[in-house]
Amino acid sequence: MQKARVAYLNETSMGVKYYMKFDVTSGFLFLSLPTEKQVVKLDPTEKPSTLTVVAGTGQTCRGNSKCGDGNLATLAKLSYPKVNAEKMLASNLFIL
């Protein structure tokens, strides 16, 4: 079995909750990286396994601005994203 490091923890990230969702249909594992303001996808079939950003530019969403509505998820500005495990419908990933 091959192991992959998916996140580096340090003293500033230890108090942050990380969310993950395993999609049984695709076999992908989705992880929220709150301090990086991104959601990534891990494809365990790739050797070595790689992380692909599926949402978030790494910039923080501030105020009442539209931080990604109506655009690609990879162009969205996020604030501590959470992958919603109950809302995976028809290959659509919901990020709170």
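Owing to the predicted nature of the structure, the values given are computational and were not obtained by experimental measurement.

Q: I tried to follow the state of the cysteines on my own but got confused; where do I start?
A: Where two cysteines share a covalent bond between their sulfur atoms, that bond is called a disulfide. In this structure the tally under the stated criterion is one disulfide. Residue Cys 61 pairs covalently with Cys 67 via a disulfide, S to S 1.8 Å. Across the S-S bond of Cys 61 and Cys 67 the torsion is about 70°, and the bridge reads as right-handed. Looking at Cys 61, the relative accessible area reads 22%, which means it is partly exposed.

Q: Would you take a moment to explain unusual backbone geometry for this structure?
A: Peptide bonds are trans in most cases, and residues, glycine excluded, mostly fall at negative phi. The backbone of Lys 37 shows a phi angle near 55°, a positive value even though the residue is not glycine. Among the secondary structure elements, Lys 37 is positioned in the loop between strand S2 (29–33) and strand S3 (38–43). The class for Lys 37 is buried, based on a relative accessible area of 12%. Non-glycine residue Tyr 80 carries a positive phi angle of around 50°. Structurally, the position occupied by Tyr 80 is in the segment after strand S4 (50–55). Its relative accessible area of 44% is what places Tyr 80 among the partly exposed residues.

Q: Looking at this structure, I do not really get the environment of Pro 34. What am I missing?
A: Inspection of the secondary structure puts Pro 34 in the loop between S2 and S3. In the structure, Pro 34 is positioned 16 residues away from Tyr 18 in sequence and 6.8 Å away in space, judged by C-alpha atoms. Residues contacting Pro 34, with those up to four places away along its chain left out, are Val 16, Lys 17, Tyr 18, Tyr 80 and Pro 81.

Q: I'm lost on the nonpolar core in this one. Help?
A: Soluble, globular proteins show a tendency: their nonpolar side chains are buried together. Counting residues in hydrophobic clusters, the biggest one holds seven residues: Phe 28, Phe 30, Val 39, Ala 55, Ala 76, Leu 78 and Val 83. Beyond its immediate sequence surroundings of up to four residues, Ala 76 is in contact with Gly 56, Thr 57, Cys 67 and Gly 68. Counting five residues, the second largest nonpolar core, distinct from the first, contains Leu 31, Leu 33, Val 40 and Leu 42.

Q: In this structure, what is going on with the environment of Thr 60? I would like to understand it.
A: Summarising the element assignment, Thr 60 is placed in the segment after S4. On the basis of relative accessible area, Thr 60 is assigned to the partly exposed category, the value being 27%. Measuring from C-alpha to C-alpha, the distance between Thr 60 and Gln 38 comes to 9.7 Å, with 22 residues separating the pair along the chain. If near-sequence neighbours (up to four positions away) are discounted, Thr 60 is found in contact with Lys 37, Lys 77, Leu 78 and Ser 79.

Q: Just to check I follow, could you spell out the sheet that holds S4 for this structure?
A: Backbone-to-backbone hydrogen bonds pair the strands of a sheet. The strands run either parallel or antiparallel. The sheet built from four strands is open, its strands ordered S1-S2-S3-S4 with antiparallel pairing. Looking along the sheet, the strands with just one partner apiece sit at the ends: strand S1 (20–22) and S4. Geometrically, the sheet is characterised by an average inter-axis angle of 25° between neighbouring strands, direction not taken into account. Pairing between S2 and S3: five bridges, direction antiparallel. Pairing of Leu 33 across the sheet is with Gln 38, part of S3.

What counts as what
- Residues numbered from 1 in each chain as written.
- Predicted model: local features only at pLDDT ≥ 70, side-chain atom pairs only at ≥ 80, totals over all residues.
- Heavy atoms only, no water.
- Disulfide = S-S within 2.5 Å.
- Buried < 20%, exposed > 50% of the residue type's maximum accessible area, 1.4 Å probe, protein only.
- Helix = DSSP H or I, 4+ residues; strand = E, 2+ residues; numbered from the N terminus.
- Contact = heavy atoms within 4.5 Å.
- Core = buried A, V, L, I, M, F, W, Y, C linked by side-chain atoms within 4.5 Å.
- Pairing = 2+ DSSP bridges.
- Axes fitted to C-alpha atoms, helices over the stretch in contact; angles between N-to-C directions.

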